[in-house]
Amino acid sequence: MACCLAVALVIAVLRAGWYRLVPGRRPARPGFAPPARRPAPGAAIASVTGSPRGSGPADRSGDPVPPRIVPARQRVGFALVAAGAGWSVLSLVAMRLPLGVVQHHGHSATPGSGVALPAAHGFSLSELLMHGPGLIAIVLGALLTLSAAASRRPFHHTLTPRPERAL
Amino acid sequence: MSELSVEIVPQPVQGRAVRRTTVLLPEPRGVLPPVTARRMRRALLGYAVAWLLGLLPAVLGAGPSLTALGLGVVFPGGGLFATGHPVWGAVAVVVFVLSLVVWWFAAPVVLPPLVWLAAAVASALTATGAESVPAWRVATVAALAPVLLTAAHLVHRLRHAAQVRTGRALNARLAEVEFEVTGPPALPTDLPVAESSPEDLARLRYALDLALQPLDEFDGFTHLDQYREAALRYQLNALGYGVAMSQYTRTPAFTGYVAEAQSNAITKMLQRRVWGYWAKENAWGNLSTNRDPVANRENIMLTGFQGLMVGMYETLNDDRFSRPGGLTYRWSDAEAYPHDFGALAASIHRNMAGSDYTLFPCEPNWVYSICNTYGLNTLISHDRLHGTGYVPDILDRLRHAYETEFLRPDGRIVGIRARHLGLSWNFWASPSIQLNTAYWLHAGLPEIAHRTWWLLRENQLTLDGGRLSLPFCTSNRLDPGDYTLGRDTFGLVAATMAAREIGDEEYAAAAQATLDEREPVASAHGALRYGEASGLANLYGVLGRFGRHSGLRDLLNHGAPPAWRTGPRLAGAAYPDVLVARAVTDGKALDLTLRPGAGPVRTTLELDRLLPHREYTVAGARVGTVTADTAGRALVEIDLGDRLELRLH
């Protein structure tokens, strides 16, 4: 716990920004575990020892847990990451191609070398347009994937204002 | 004591021996602590060599590619800037900073150098055939790091000087303050066993339901990542601590499902999904393929935290986790790492003894002061339970480290240091880290804990009308259990824990009242939790709720008194039919207070540690007497419709 809350703070700020951009994507906060049950001593011992997982059975009748599947937005996230990576690689390859095949501003050719070289006069907007979409797709895809992974079953228990002192 | 404190006179207060002491802030001997200064000098020397080598191509008039490569080594993105791509140079700097954050997040040590070198190589490739690099650009790149480092040093000196002045002013006031460090408790006056209220029991049920589900299920836990504060392991740690504290202060004569819950929390941590993060962190942080989470030089975030769970469990229940292979971390059917409580304690002691900071890292390279308090607490409980001498061997060094390397001159505890670089983040000396450190240090270094709490009271916490508030800042409005911003619930929970442990019941009650009054409550099948807080905050809320003055300190340093270890106890009860609000023994009799958790019920209790074949008188059960069997066990039937007191003697 609280190993270094500063990292958590950085993550929290990033998450808050992301959910402000994409409202409704905020994952539900987990609520309660299914109610556990243990039999009285001397009664129903067999039902405890019969549990295959080493800890007593839990009553799930009132609190079903939905099956975990890969959500659609996680698949979209993967696709975006893959597409972004592909675009980035292609744009880098394109940067190395001779002029005439793929040409973009801000580069000049070294005759005979078959290699496009960056002009010394600096960065151009076309370079950003060429390489930027790939990086943006990777970042968006990663965020989508992470946010989808963070999603869990909805918080569906009663929420009551204070005070409620007694059961 | 050293300069840290002046011992006055041990004398009893309210029946318990206490040591009265004055604890001053140490006067710093330089702008940097000694070990940190050495690490920084070494890092700077290494960088200076790289800086010189990187400048050589430019100085010697090499071609643009080699010059760009060299300038890329001099500063991240420096080659790109020098070859006329300032925006890409800036992008390289941003990516480099992001790589530092990722390194901090999950310890991939190779990432920042890779980003740095990749930018350098990219600049070399893009500079092929380009014009020579202008001298002014070379000079600019060369000057960047020295200017930034000089500025950082000057800022640090200014801040340090201000902190020294603050520290001296505080010392003038601290000289007039006496702290009371509690000694060994005496039964029964200093080991009060309180009765849980219905709300206490409902809060405990939240934790019990989490712990009593099948071992491979984690419903109700937060699932975000396994590296930082939301990881499953930290939730399991808090779960174990909270339930153990409830057993210690409310039901020391009850094992049953309360012991099972703690055992389950410890056992769940042996699963790969919980500890497997270490295999990755050790691979990308130390470039090691060793997956063993215990036999290594770091990972106190597992050994220290889980060791403390085991220490609490073994103090109150049994020694199953100290038996050979009692803590076997399984990676696959064919690969497992058999350890036990002793192995965890030995690992912590070895790593502390071998570190010049004494404190050692969680993630590769990153040393956290709060995590090492858990390691110290593990050693305290292991020494008491198994007769080892780990704490006497390292305590003075540890105290020195907390007072020099991890303390600002104004008394704020430094939360983090990079082991190899010595770097820290001053902004992180926030109240949250002080509150948690005050709580967890009280068992082993109570003087520092008391002083830290006093500083918080004086400078950070505000008591108004019986309600407590924390300073309004972002870090105090963070819930680290699920990385959400906006509420200071976690901080108030930590304040409850610390105040109660230190013995400042006024502040503890105010923090608890603030939470009770303000926080929305969620309820389900008899369990209660704060509805707008993470599971981690809720579980530490359980720990704070069941704490008491010196509760942690007594539990770890002194354990359970002989009467609790040998007297009659309640060994089994149905859950949630029977909620145990109080269970205590004086060595001969057993006193229970029970409440129904699922409506009126006729049920059976299992008692053990009775004298074989002896007949006992029982008040509150359906029969007036009960005779123990040859194993010292007996079953007692009760009708439980409301609060029920049962006494066996």
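Here, the structure is the one placed above.
Residues numbered from 1 in each chain as written. Chains lettered and ligands numbered in written order. Predicted model: local features only at pLDDT ≥ 70, side-chain atom pairs only at ≥ 80, totals over all residues. Heavy atoms only, no water.

1. Considerations on the overall build of chain A
Then step 1. Along its length, chain A carries 4 helices and 3 strands.
Then step 2. Counted from the first residue to the last, chain A has its helices and strands arranged as α-α-α-β-β-α-β.
Then step 3. Taking all 167 residues of chain A together, the buried fraction comes to 38%.
Then step 4. When contacts within chain A are restricted to residue pairs at least 6 apart in sequence, long-range pairs at least 24 apart make up 59% of them. (Helix = DSSP H or I, 4+ residues; strand = E, 2+ residues; numbered from the N terminus. Buried < 20%, exposed > 50% of the residue type's maximum accessible area, 1.4 Å probe, protein only. Contact = heavy atoms within 4.5 Å.)

2. With respect to helix H2 (residues 64-74) of chain B
Then step 1. Within H2(B), the full set of buried residues consists of Pro64(B), Thr67(B), Ala68(B), Gly70(B), Leu71(B), Gly72(B) and Val74(B).
Then step 2. Residues of H2(B) that are buried in the fold lie against helix H1 (34-59), helix H3 (78-82), helix H5 (111-126) and helix H6 (135-174) of chain B.

3. Quick notes on the pairing of strand S17 (residues 601-608) of chain B
Residues and elements named next belong to chain B.
Then step 1. With 7 of its 8 residues buried, S17 lies for the most part within the structure.
Then step 2. Judged from the 3 bridges that link them, strand S14 (residues 569-572) and S17 form a sheet pairing that is antiparallel. Bridge pairing in S17 links Leu570 to Leu607.
Then step 3. In this sheet, strand S20 (residues 634-640) lies alongside S17 in antiparallel orientation, the contact comprising 7 bridges. The residue of S20 that forms the bridge with Arg602 is Asp639. (Pairing = 2+ DSSP bridges.)

4. Concerning unusual backbone geometry
All names here are of chain B.
Then step 1. The amide bond that connects Tyr575 to the next residue, Pro576, takes the cis arrangement and shows omega of 0 degrees.
Then step 2. Following the sequence through the fold, Pro576 ends up in the loop between S14 and strand S15 (578-585).
Then step 3. One non-glycine residue, Leu287, lies in positive phi territory at about 55 degrees.
Then step 4. Tracing the backbone shows Leu287 in the loop between helix H11 (277-286) and helix H12 (300-316).
Then step 5. If you check the backbone angles, His525 has positive phi at about 35 degrees while not being a glycine.

5. Topic: the environment of Gln306(B)
All names here are of chain B.
Then step 1. Tracing the backbone through its elements, the reader meets Gln306 in helix H12.
Then step 2. Exposure remark for Gln306: the relative accessible area of 0% places this residue in the buried category.
Then step 3. Sequence separation between Gln306 and Val181 is 125 residues, and the spatial gap between their C-alpha atoms is 27 Å.
Then step 4. Residues contacting Gln306, with those up to four places away along its chain left out, are Asn237, Ile266, Met269, Leu270, Leu327, Tyr329 and Leu344.

6. A closer look at the sheet that holds S20(B)
The strands that make up a sheet are held in pairs by hydrogen bonds between backbone atoms, and each pair lies either parallel or antiparallel.
Residue and element names in this part refer to chain B.
Then step 1. Here we have 3 strands laid out as an open sheet, ordered S14-S17-S20, and antiparallel in their pairing. Of all the strands in the sheet, the pair left with one neighbour each is S14 and S20. Sheet twist, expressed as the mean angle between neighbouring strand axes with direction ignored, is 45 degrees. (Axes fitted to C-alpha atoms, helices over the stretch in contact; angles between N-to-C directions.)

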